[in-house]
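Given next are the chains, with one letter for each unit.
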Amino acid sequence: MEFINNIKFDDRGLVPAIVQDADTGDVLMLAYMNEESLKKSIETEKTWFYSRSRQELWNKGATSGNTQKIISIDYDCDGDAILVRVKQNGNACHTGEYSCFYNSIKAGDSSYKILEKLYNLIENRKDNPKAGSYTNYLFNEGIDKILKKVGEENAEVIIGAKNNSKEEVIYETSDMIYHMLVLLVEMGIKIEDIKYELEKRYE
């Protein structure tokens with residue numbers, strides 16, 4: 001691991017590690033790594049950090065189950081910060097929030113990420129079932145039920161359009177997109193696969 005020589009650990013032997021959702025680009029948390037935790041992260045493909053308060057290594061999700069599978073690790077131009085892209089299982093923050101960065105100073109428009117966020121939520125429901133969840137009900141019923149709902153919501157969009165009602169079309173289109181995302185998750189199709197197909201057509 002010769003690259004270790006390029007990392008500028010501080011006088012305590014630590015370097016800040018930014019953890020990012022590999023699918024959405026959302027920043028999930030900021031923690032610190034020392035040389036040992038960085039090496040363990042690379043070897044296990046799971047995030048390991050150094051706790052400054054407890055002065056010991058800790059494996060994210062070891063007790064909570066909210067694990068992080070590492071997709072890639074990069075360091076910046078100065079070698080004094082690390083970017084870890086992960087597949088998050090469950091919530092990243094100990095408060096129960098998906099990301100530790102949920103306190104807004106100036107709110108921006110994040111609506112362009114809503115499809116990815118909804119997809120990830122649906123995918124998480126499939127991997128971590130929740131009692132009373134409608135999404136889990138659909139997964140439990142299987143592909144035929146999901147397809148039936150997709151068909152029904154498509155018909156509702158058509159009816160709304162025939163009624164010349166923008167409100168109906170907006171509402172029913174939202175229902176349709178949700179059920180389509182459930183179908184994609186069920187079939188193991190990523191949003192990136194759809195984007196790639198659309199980009200090919202655009203060209």
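The structure presented is a predicted model; accordingly, all values stated were derived computationally and were not measured.

Let's talk about the overall build of the protein
Reasoning step 1: Assigned secondary structure in the protein consists of six helices and six strands.
Reasoning step 2: Counting from the amino terminus, the protein carries its helices and strands in the arrangement β-β-α-β-β-β-β-α-α-α-α-α.
Reasoning step 3: In terms of overall dimensions, the protein has a C-alpha envelope of 70 × 40 × 35 Å along the principal axes.
Reasoning step 4: Relative to its full complement of 203 residues, the protein shows a buried share of 34%.

Notes on helix α1 (residues 35-44)
Residues lying three or four places apart along an α-helix face the same way, a consequence of the helix completing one turn every 3.6 residues.
Reasoning step 1: Among all positions of α1, only S37, L38 and S41 are buried. The buried residues of α1 occupy one face: seen down the axis, they fall within an arc of 105°.
Reasoning step 2: Taken together, the buried residues of α1 touch β2 (27-33), β3 (48-51), β4 (56-59), β5 (68-75) and β6 (82-88).
Reasoning step 3: Of the residues one or two after α1, E45 is the one with positive phi, at around 60°.

Remarks on the packing of aromatic side chains
Reasoning step 1: Counting across every chain of the model gives three aromatic pairs.
Reasoning step 2: Considering the side-chain rings of F49 and W58, the 5.1 Å spacing of their centres and the 45° angle between planes classify their relative orientation as tilted.
Reasoning step 3: In textbook terms, an aromatic cluster arises when at least three aromatic residues are bridged by ring pairs, as seen for Y134, Y137 and Y178.
Reasoning step 4: Sitting over the ring of W48, K40 keeps its end group 4.4 Å from the ring centre.

Each value, and the rule that gives it
- Residues numbered from 1 in each chain as written.
- Predicted model: local features only at pLDDT ≥ 70, side-chain atom pairs only at ≥ 80, totals over all residues.
- Heavy atoms only, no water.
- Helix = DSSP H or I, 4+ residues; strand = E, 2+ residues; numbered from the N terminus.
- Buried < 20%, exposed > 50% of the residue type's maximum accessible area, 1.4 Å probe, protein only.
- Arc of directions from axis to C-beta.
- Contact = heavy atoms within 4.5 Å.
- Phe/Tyr/Trp six-rings, centres within 6.5 Å; stacked < 30°, edge-to-face > 60°.
- Lys NZ or Arg CZ within 6 Å of the ring centre and 35° of its normal.

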